[in-house]
Amino acid sequence: MEIFKSPTGNKLSCKGWQQEGLLRLLLNCLNPDIAKDPEELVAYGGTGKVARDLNSLKAIIEALKTLENDETLLIQSGKPVGIFRTFEFAPRVIMAGALLVPRWANWDYFQELSEKGLTAYGQSTAGSWSYIGTQGILQGTWETFFQVAKRHFGGSLRGKLVLTSGLGEMGSAQPIAITSNGGVAIVVDVDRAIVKKRLISSMIDIMASSLEEACEIAKEYISRAEPISIGVVGNAADAYEAVLSYNIKPDVVTDQTPAHDLKSYVPSDLSPEEARELGKTNPEMYEKIARDTIKRHVLAMIEFKKRGSVVFDYGNNLREQGHRVGVKDAFCFPGFASEYIRPLFCEGRGPFRWIALSGDPEDIYRTDEIILSIFKGDGRLKEWIDLVERRFAFHGLPARVCWLNYKERAVFGNIINEMVKLGELKAPVAITRDHMDAAAVASPFRETEAMKDGSDAVADWPVLNALLNCASGASLVGLYHGGGVGIGYSIHSGVTVIADGSREAQKRLDLVLKADPALGVIRYADAGYEIAKDIIKSAVFPAKAVE
Amino acid sequence: MNEITCHKNNPLEVYARRGFLRDLLFNNITSAKDIWNLQKKLNIIIQPNTVMVVTIDNYYSETCNKSEIQKQNLRLKVLQSLEKCAKSFNALAVNMDENLYAVLFRVENDVVSQVEWAIELGRFIKDNVEEDTGISVSVGIGRRYKDILDLHLSYKDAVTACHHKFFWGKSQVIHIENVIPFTEELSLFSIEVESQLSVKVLSCDDEGAFNIIDELFGNAVKERSVNPLIMKTRLIEIITTLIRVAFEAGADQEKLAALSGHSVEEILRSDTVSELRNQMREVLRGIIEEVSLGRKRMNLQVFEKAVSYIQENFRKPITLEQVAEHVHISPYYFSHGFKNFTGMNFIDYITRLKMEEAKKLLLTTDLSIGQISRQVGYNDPNYFGRVFKNVVGIPPSKFRASKKVHIDRIFSEG
């Protein structure tokens, strides 16, 4: 097995820092401490690949190493297809991944093409080489619960009970996100080994021996208004029904079981091992009983809502699955993105991240200090940085995630470039973001669900976003299909700019970090959201909205 | 790899560094950023992701007769050797407990066989320390954890792996991935085993007890799955039962208490299964010896009491059963023990007492033979006469006459 790791330090292996930065990001996604399956070139999220195959990967590496400062490498679904003479200010890499003509945009057909070696699934940040590990997951979950607290409980979950389920790759961020917002979490997972694993790695505080015990502990901590996360082994549908029968009303109810994939969702009365066995021997029966459980699961959540709990779907398609098995009012509770993330998108606030190409954590800690001093009035930012500095050590290239708005991104990007220029940082920094951003994504079951004007499925915005970022001089721009919710359900774009301390980089940063979120604000203003409409009228808004 | 820069001559930094490493392994530092800052301040450049622990084999049995200074020198010798050895691998060594050292090192994620690589390093360190110090050591190695905040888990793994030396024996390098986790299952050490050992203790059958122990440990070694601590706890429990049995059988309470305290300590300190088996045999030998001694002591007291009772009551028609009941032991055991104690059986002993009394009365009183016969418990003077003749060799009347002549002569001559 060939192992790929990013170079570190300030020595170039390419013809410029733009290419070098992108090469390091690509290889960082394959670092065995970060990637899910580096041998298969999978960074995360099921089968999210950084390149189509090994030959493509090697060809990309070679191309980046020899790429001139006025050339652009084109990548088609993880395969390099050509190098073009462009100009210095143009992106060094442009990519399109997993895109299909809508008529054929489904998993089965995609799989067929993929097996023929004609395409590859890039998820979101795997395909665009900006995956940094689990910090991004925690940030998104923390931000969601922060917004829940802000919207319903005066800014804190202190003294509040959150009932949720699923401690897998995504769900494991929930307990920390809830307790760091002050709340008490009961998290149900059907797999004892997973609950135990989360306990050992301190992702949960206590493993209760039963749901009754979990409720008792929760009651005690709520009365003292102290945060705690309690893991308990159980089936989510059974547990939710049981909590209803105890007449306990959690303040918040959500769920992160793999409900989007019936083959992974463990039906009631089966252990994970029994479920795996049944899935192999009798998949039809498995799906049938999984649907029965999902129905009870959704009905329990609806009942919680009727009793006054704040209930939301956490992006796992639970409501849709419930609706398919006949729960008519499955969509009576909202999805997390439309309910809690949308107000942030309206102000161009999104998952901004930066990666120290030096490989030295010191560079990130230094930028942490700077961001806290620039935006010192932002208590939310301080809380986040404190949490993440405490809970996350670095592996691979050190990175930081922060949700910044349309004004903050450009300001901070320029400061980073200045720090590189002055030698305050040991090497250049890559500035990038998740694809789940205001203008960057069209995803009717998540980020663009229930848009005010009904434009949920309009995918022009991420395409425009990618084109605009190209025009603004980003170092890398990519347009992708199927990230997060699967083929047929989303179109999204990624962007990266390398802050190498040069004047040219400063220009790139200034343009991209303004244009990218500003388009997001315009997109939400266009859909009729008042916050966004107000912002585009502001004198400091960096673009002109055309009415 | 970067070289560790540590100002060796600055004791403050050396102690601070050891304190930091201990805190890291005990999971006392909760912030990744604090760890980073402390590493910088202490000039620790390596980012460890794996821990191995080193222990001196048979430390307690080897050092129990040594002064504290001698022990300290021994420990220091091992620590210095470990530090020297670790340095050549850009690793860090620290003492965690009286007989526990940790070596923190980094396994790069591009190493293909990470377990083998770590074992190789462990073997290198073990061989070097043994050669350097002449002391046998064993090594336990934990899993690689990419996150430094999880390094304490690698340390726990390493300690667990090292516990397996109990079955593996001395001078071992054991990786956590190569051991079968211990179970809490204790079917080998059942109540039946405890009962069998109790029987052997009561019958003072040390060979029988050793056979049971040998078989038991033989099976435990075959299975290699019993948690040594649980096994030791169960053995202590068994010893407690056996000590109670021994106490009830008359063994000396104080000696048993001392034996109990000492054996518990020794059992807990046993490093390997063979050491524990030997310890168990020693304890059993001690308990059985105490039972045996106690029994002898108890016999003495019991039979002295019986003799005294017989001496007071032999004039009455007493039976063996009555005397046995008086001293609270079984007639069978009394009959057997009485002969051992007095050298004759119960009837012979009583008869002898009666005849001695009769002789005294014959010489010192004018009572008739019939009266004397009744006084010493015979209603039939003829029968008394026959018995007297059997024991003394002459009939009572002749005995009185011959002795009287003899006494008179003494007085007249005097």
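Residues numbered from 1 in each chain as written. Chains lettered and ligands numbered in written order. Predicted model: local features only at pLDDT ≥ 70, side-chain atom pairs only at ≥ 80, totals over all residues. Heavy atoms only, no water.

As annotated in an unreviewed UniProt entry, chain B carries the name Two-component system response regulator YesN and comes from Thermosediminibacter litoriperuensis.

Where an unreviewed UniProt entry is consulted, chain A appears under the name Urocanate hydratase, with the organism given as Thermosediminibacter litoriperuensis. In its Catalytic activity (unreviewed entry) section, UniProt records this for chain A: "4-imidazolone-5-propanoate = trans-urocanate + H2O". One UniProt comment on chain A, placed under Subcellular location (unreviewed entry), says "Cytoplasm". (UniProt positions renumbered as here; feature names shortened; annotations may be inferred.)

Trainee: Explain the overall build of chain A to me, using residue names and the numbers behind them.
Mentor: From N to C terminus, chain A includes 18 helices and 17 strands. Computed over the C-alpha atoms, the radius of gyration of chain A is 23 Å, within 12% of the 24 Å expected from 2.2 N^0.38 for a compact globule of 547 residues. Based on the C-alpha atoms only, the size of chain A along its principal axes is roughly 65 × 55 × 50 Å. Accessible surface, chain A: about 20900 Å² in total, of which carbon and sulfur atoms supply 53%. For chain A, the separation between the mean place of its 63 positive charges and that of its 70 negative charges on side chains is 3 Å. (Helix = DSSP H or I, 4+ residues; strand = E, 2+ residues; numbered from the N terminus. Rg over C-alpha atoms; globule rule 2.2 N^0.38 Å. Areas by Shrake-Rupley, 256 points an atom, 1.4 Å probe, with all protein chains shown as cover. Lys, Arg positive; Asp, Glu negative; His and termini not counted. Charge placed at Lys NZ, Arg CZ, Asp CG, Glu CD.)

Trainee: Residues and numbers for the packing of aromatic side chains, please.
Mentor: Applying the stated criterion to the full structure yields 38 aromatic pairs over all chains. On the basis of an interplanar angle of 5 degrees and a centroid distance of 4.3 Å, the ring pair of A:Tyr44 and A:Tyr131 is categorised as stacked. With a gap of 87 residues between them, A:Tyr44 in strand β1 (residues 42-44) and A:Tyr131 in the loop between α3 (107-115) and α4 (135-152) connect regions that are remote in the sequence. Residue A:Tyr44 shares its accessibility class with A:Tyr131, and that shared class is buried. An angle of 50 degrees between the planes, with centres 5.8 Å apart, marks the rings of B:Phe384 and B:Phe388 as tilted. Residue B:Phe384 and its partner B:Phe388 are located together in helix α17 (residues 381-392), separated by four residues, close to a single helical turn. Classification of B:Phe384 by relative accessible area gives buried; the value is 0%. A network of ring pairs unites the aromatic residues A:Phe145, A:Phe312, A:Tyr314, A:Phe336 and A:Tyr340 as a single cluster. One Lys or Arg, A:Lys452, reaches over the ring of A:Tyr529 and ends 5.7 Å from the middle of that ring. (Phe/Tyr/Trp six-rings, centres within 6.5 Å; stacked < 30°, edge-to-face > 60°. Buried < 20%, exposed > 50% of the residue type's maximum accessible area, 1.4 Å probe, protein only. Lys NZ or Arg CZ within 6 Å of the ring centre and 35° of its normal.)

Trainee: Which residues make up the interface of chain A and chain B, and what values do they have?
Mentor: The interface is formed by 17 residues belonging to chain A together with 16 residues belonging to chain B. Both faces considered, chain A and chain B share a buried interface measuring about 1600 Å² in area, 51% of it formed by carbon and sulfur atoms. Its largest share of buried area at the contact with chain B, chain A owes to A:Asp33, A:Tyr365 and A:Arg390, together 30% of the area lost on that side. Put simply, chain A and chain B have five salt bridges between them. Sorting the residues of the side of chain A that touches chain B by element identifies α13 (361-374) and α14 (379-391) of chain A as the ones contributing at least two each. Here the residues of the side of chain A that touches chain B are counted per class, giving seven nonpolar, three polar and seven charged. (Contact = heavy atoms within 4.5 Å. Buried area = accessible area lost by both parts, 1.4 Å probe. Salt bridge = Lys/Arg side-chain N within 4 Å of Asp/Glu carboxyl O. Nonpolar A, V, L, I, M, F, W, Y, C, P; charged D, E, K, R; others polar.)

Trainee: Break down the sheet that holds strand β11 (residues 310-311) of chain A for me, with residues and values.
Mentor: All names here are of chain A. Spatially, the six strands line up as an open sheet ordered β8-β9-β7-β6-β10-β11, and their pairing is parallel. The open sheet has two edge strands with one neighbour each: β8 (206-208) and β11. Of the strand pairs in this sheet, strand β6 (residues 161-165) and strand β7 (residues 184-189) are connected by five bridges, and their pairing is parallel. Counterpart to Leu161 in the pairing with β7 is Val184. (Pairing = 2+ DSSP bridges.)

Trainee: I'd like to hear about the domain arrangement of chain B, residue by residue, with values.
Mentor: Residues and elements named next belong to chain B. Partitioning chain B into structural domains gives domain 1 (11-178), domain 2 (187-295) and domain 3 (344-413). Spacing between the C-alpha centres of domain 1 and domain 2 amounts to 34 Å. Counting from both sides, the interface comprises 13 residues of domain 1 and, opposite them, 15 residues of domain 2. Summing the contributions of domain 1 and of domain 2, the shared interface buries around 1100 Å²; its carbon and sulfur component is 64%. Put simply, domain 1 and domain 2 have one salt bridge between them. Lys165 serves as the salt-bridge partner of Asp271, at 3.1 Å between the closest nitrogen and oxygen. (Domains from an automatic or database assignment.)

Trainee: I'd like to hear about the nonpolar core, residue by residue, with values.
Mentor: Of all hydrophobic cores here, the largest spans 111 residues; its most connected members are A:Trp354, A:Ile371, A:Phe412, A:Ile416, A:Ile431, B:Leu25 and B:Leu104. Examining the composition of this core, we find that nine residues originate from one element, helix α17 (residues 503-526) of chain A, more than from any other. (Core = buried A, V, L, I, M, F, W, Y, C linked by side-chain atoms within 4.5 Å.)

Trainee: Please give an account of the packing of α4(A) against helix α5 (residues 173-180) of chain A that cites residues and values.
Mentor: Residue and element names in this part refer to chain A. It is at 8 Å that the axes of α4 and α5 come closest, and there the two elements cross at 45 degrees. Relative to α5, the element α4 is oriented oblique. For the pair α4 and α5, the sense of crossing is right-handed. Across the interface between the two elements, Ile137, Leu138, Thr141, Trp142 and Phe145 from α4 touch Ala173, Gln174, Ile176, Ala177, Ile178 and Ser180 from α5. (Axes fitted to C-alpha atoms, helices over the stretch in contact; angles between N-to-C directions. Parallel < 35°, antiparallel > 145°, perpendicular 65-115°, else oblique. Left-handed = near helix turned anticlockwise from the far one by under 90°.)

Trainee: Now, about the side chain of B:Lys71: what can you tell me, with residues and values included?
Mentor: Residue position: B:Lys71 is located in helix α4 (residues 68-87). Leave out the neighbours within four places in its chain, and B:Lys71 touches B:Tyr59, B:Thr63, B:Lys66 and B:Glu98.

Trainee: Lay out the domain arrangement of chain A in plain terms, naming residues and giving numbers.
Mentor: Residues and elements named next belong to chain A. Per the domain assignment, the segments of chain A are domain 1 (22-131 + 341-541) and domain 2 (137-334). Put simply, the middle of domain 1 and the middle of domain 2, counted by C-alpha atoms, are 30 Å apart. Counting residues at the interface gives 18 residues for domain 1, matched by 18 residues for domain 2. Surface buried jointly by domain 1 and domain 2 totals about 1600 Å² across both partners, of which 62% is contributed by carbon and sulfur atoms. Here domain 1 is connected to domain 2 by two salt bridges. For Glu449, the salt bridge is made with Arg319, and the minimal N-O distance between the two is 2.6 Å. Connecting domain 1 to domain 2 are four residue pairs in polar contact (both at pLDDT 80 or more). Listed by contribution, the elements that provide at least two residues to the side of domain 1 that touches domain 2 are α12 (336-346), α14 and β13 (399-404). Looking at which element gives the most residues to the side of domain 1 that touches domain 2, the answer is α14, with five residues. For the side of domain 1 that touches domain 2, the residue count by class is 12 nonpolar, one polar and five charged. (Polar contact = N/O pair within 3.5 Å; in protein donor to acceptor, adjacent residues only side chain to side chain.)

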